[in-house]
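Residue-level listing of the chains:
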Amino acid sequence: MYDSHRLRAAFARSLSAMYGAEVPAYHTLVDVSTAVNTDVAAAHPDTAERLGRIDRVTAERHGAIRVGTAAELRRVAQIFAALGMEPVGFYDLRGDAATSLPIVSTAFRPTTSGALALNPFRVFTSVLVTDDRRYFDADLTAELDAFLAARTLFGDEVVELAARAEADGGLSDADAERFLRLATACFELSDEPVDRAWYGRLAHVSGVAADIGGVTTTHINHLTPRVLDIDDLYARMAALGITMIDEIQGPPRWEGPDVLLRQTSFKALAERRRFREPDGSVVDGTLSVRFGEVEQRGIALTPAGRDRYDRMIVAVDEGAAGATPAERNEVKLAVWREHLPTTEQGLADAGLAFFEYTAVPGARGRPADDGAPSSLAELLASGALVRTPIVYEDFLPRSAAGIFASNLDSAGSRDSTREGAPRDEGWLADAMGRVVHDPMELYAAQQQASLDAAAAALRIPALTAPS
Ligand code: OOG
Ligand code: NI
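Note that this is a predicted model, so its numbers are computed, not measured. (Residues numbered from 1 in each chain as written. Chains lettered and ligands numbered in written order. Predicted model: local features only at pLDDT ≥ 70, side-chain atom pairs only at ≥ 80, totals over all residues. Heavy atoms only, no water.)

*Asks:* Is there a simple way to think about the coordination of the nickel ion (ligand 2) in this case?
*Replies:* Between any two of four tetrahedral donors, the ideal angle at the metal is 109.5 degrees; between two of six octahedral donors, it is 90 or 180 degrees. Within the protein, His62 (NE2), His222 (NE2) and Glu293 (OE) serve as the donor atoms for the nickel ion (ligand 2), at 2.0 to 2.2 Å. Mapped onto the sequence, the donors of the nickel ion (ligand 2) take the spacing H-x159-H-x70-E. A residue pair is termed long-range when its members are at least 10 positions apart, and His62 in strand 2 (residues 61-67) and His222 in strand 8 (residues 222-225) qualify at 160 residues. For the residue pair His62 and His222, the accessibility class agrees, reading buried in each case. (Donors = N, O, S within 2.8 Å, 3.2 Å for Na, K, Ca; no water. Helix = DSSP H or I, 4+ residues; strand = E, 2+ residues; numbered from the N terminus. Buried < 20%, exposed > 50% of the residue type's maximum accessible area, 1.4 Å probe, protein only.)

Rendered as structure tokens:
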């Protein structure tokens, strides 16, 4: 029997094997990431595992996929449900000023700390907004919708097996193997010829729209390993002659705690694809849409912390307008030093980040048997409670837009004077027939559950974290 956790881990491995065969540079990225993590663990044995056990971090991946319609999204959500992955968060990348990104996104991932510890595989999933008039006029919308309606990305058998896995909590060995093979094949790069004219019309609007709606199949766009030192990884990849994008997205490297997420990527590679020309002939050509990405994860921020982060990014934009990437990094560093506490304790005391609290076995919750219960600060100071950071498991819209943009040949075109199509978390939920979790609520619940367990172990009334 394969339960959802075993299915998830097996699917991540199977996707990784397929993607590595398709994109050999991925192997280089994984090898360098593994070497970086091994070196960090050896150099800093006391702190390297602060944000996750080294075996979890080194096995950890996120994928990115892109679909065209609400119906396709609903079917892929069913496949992920079999793997214990639920939609978390709503990202609207259409507002990005620089690039034409007619999509909205969510992330499928495990939502409990137990499931995350077993295997944290997550997939950033985007769906095209075909009726957004800033990108597509009414005729193009109609053609695009008809094209998408005529294809099947996720066949009935794989979706039915997924539904059974979700209902029964797993699959028999034979069914699991069949399901994993079919599910992996859904994301394989197809050698079906690409209609050059159709692809080109969509690419004129948006490279992402062409990648999604210009072909009859889908594919995994990238698989991202997690590293403990992204600056070291960047330098090692560059030394191997791999051209990285010119910036690490998100927070800078600094002396304080890492928060949220730092990401970088290498440029999309030209891959052989076949094209059907307007005269019907089929010729070989290339497309550059898939790239390699790597990330370093930090501590999850509370709504107050995230608010501060978003304002810090605005301050960076203002201070670094027209600057080179190196200058921009200096501006980031100055903003970080001015606005963010330099210790975990500082973040916790200011209610800016999420932590788990664990009672030390045998510890007491009161200074004397008949005394008043100790405060959270006293329990931490006396060593009765230990605080560990909760890792950020989600994505950053700004970094995602930057990753998309830096890997497209052209910015595309759009008419910002036109009315956009409404999309929100409710639309996503309706499209899938599933709850879209709020990431902040998941982190807050995880923190509070740890406090409740600690208070019970210490036999004192409920504890709450500073906010
Ligand atoms: C997704 C781009 C965003 C991330 O990690 O933020 C992303 C895509 O290219 O489909 O992968
Ligand atoms: Ni990614």
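*Asks:* What's the story with the nonpolar core in this structure? I'm lost.
*Replies:* The tendency in soluble globular proteins is for nonpolar side chains to be buried side by side. If you look at the biggest cluster of nonpolar residues, it comprises 49 residues, and the most contacted ones within it are Phe11, Phe80, Phe154, Phe179 and Phe187. Considering each element in turn, this core owes the most residues, seven residues, to helix 1 (residues 4-22). Judged by nonpolar contacts, the second largest core, of 40 residues, contains Leu260, Tyr357, Tyr392 and Leu396. (Core = buried A, V, L, I, M, F, W, Y, C linked by side-chain atoms within 4.5 Å.)

*Asks:* Even after reading the chapter, I still don't get the site of ligand 1, so can you show me in this structure?
*Replies:* Inspection of the region around ligand 1 gives His62, Ala64, Arg66, Phe124, Asn221, His222, Gln263, Phe291, Glu293, Phe395, Ala400 and Phe404 as its neighbouring residues. Contact distances for ligand 1 include 2.7 Å between an oxygen atom and a side-chain N or O atom of His222. Contacts to ligand 1 include Gln263, whose side-chain N or O atom sits 2.9 Å from an oxygen atom. When ligand 1 is considered free in solution it has 320 Å² of accessible area, and contact with the protein chains removes 100% of it. At the level of elements, strand 2, strand 10 (282-297) and helix 16 (397-406) are the ones that each hand at least two residues to the shell around ligand 1. Examining the composition of the shell around ligand 1, we find that three residues originate from one element, strand 2, more than from any other. Of the residues that constitute the shell around ligand 1, the class distribution is six nonpolar, four polar and two charged. (Near = heavy atom within 4 Å. Polar contact = N/O pair within 3.5 Å; in protein donor to acceptor, adjacent residues only side chain to side chain. Areas by Shrake-Rupley, 256 points an atom, 1.4 Å probe, with all protein chains shown as cover. Nonpolar A, V, L, I, M, F, W, Y, C, P; charged D, E, K, R; others polar.)

*Asks:* Sorry, what's going on with the sheet that holds strand 4 (residues 103-109) here?
*Replies:* By definition, the strands of a sheet pair up through backbone hydrogen bonds, in either a parallel or an antiparallel sense. The strand order across the open sheet formed by five strands is 3-4-5-2-8, and the pairing between neighbours is mixed. Of all the strands in the sheet, just strand 3 (86-92) and strand 8 have a single pairing partner and so form its edges. Direction aside, the axes of adjacent strands within the sheet are offset by 20° on average. Two elements, strand 4 and strand 5 (residues 122-128), share six bridges in a ladder whose sense is antiparallel. Looking at the pairing, Val104 lines up with Val127 of strand 5. Strand contacts of helix 4 (residues 70-82): strand 2, strand 4 and strand 5, with the helix running at about 165° to strand 5, the strand carrying the most contacts. (Pairing = 2+ DSSP bridges. Axes fitted to C-alpha atoms, helices over the stretch in contact; angles between N-to-C directions. Contact = heavy atoms within 4.5 Å.)

*Asks:* Can you walk me through the sheet that holds strand 10 in this structure?
*Replies:* Overall, mixed pairing links the three strands, which are arranged 7-9-10 in an open sheet. Either end of the sheet is taken by a strand with one partner, and the two such strands are strand 7 (194-195) and strand 10. Judged from the two bridges that link them, strand 7 and strand 9 (residues 261-276) form a sheet pairing that is parallel. Bridge pairing in strand 9 places Asp195 opposite Arg276.

*Asks:* What am I meant to see in the pattern of salt bridges here?
*Replies:* When the charged atoms of two side chains lie near each other, side chains of opposite charge can form a pair. Overall, the coordinates contain 38 salt bridges when judged by the stated rule. With a shortest N-O distance of 2.7 Å, Arg236 and Asp39 are connected by a salt bridge. Of this pair, Arg236 sits in helix 11 (residues 230-239) while Asp39 sits in helix 2 (residues 25-43), and the two are 197 residues apart along the sequence. Its salt-bridge partner being Asp317, residue Arg398 comes within 3.0 Å of it at the nearest N-O pair. A residue pair is termed long-range when its members are at least 10 positions apart, and Arg398 in helix 16 and Asp317 in helix 12 (residues 303-319) qualify at 81 residues. Under the relative-accessibility criterion, Asp317 is labelled partly exposed at 30%. Overlapping salt bridges, with partners in common, bring together Arg56, Glu60, Arg122, Arg226, Glu295, Arg297 and Glu393 in one network. (Salt bridge = Lys/Arg side-chain N within 4 Å of Asp/Glu carboxyl O.)

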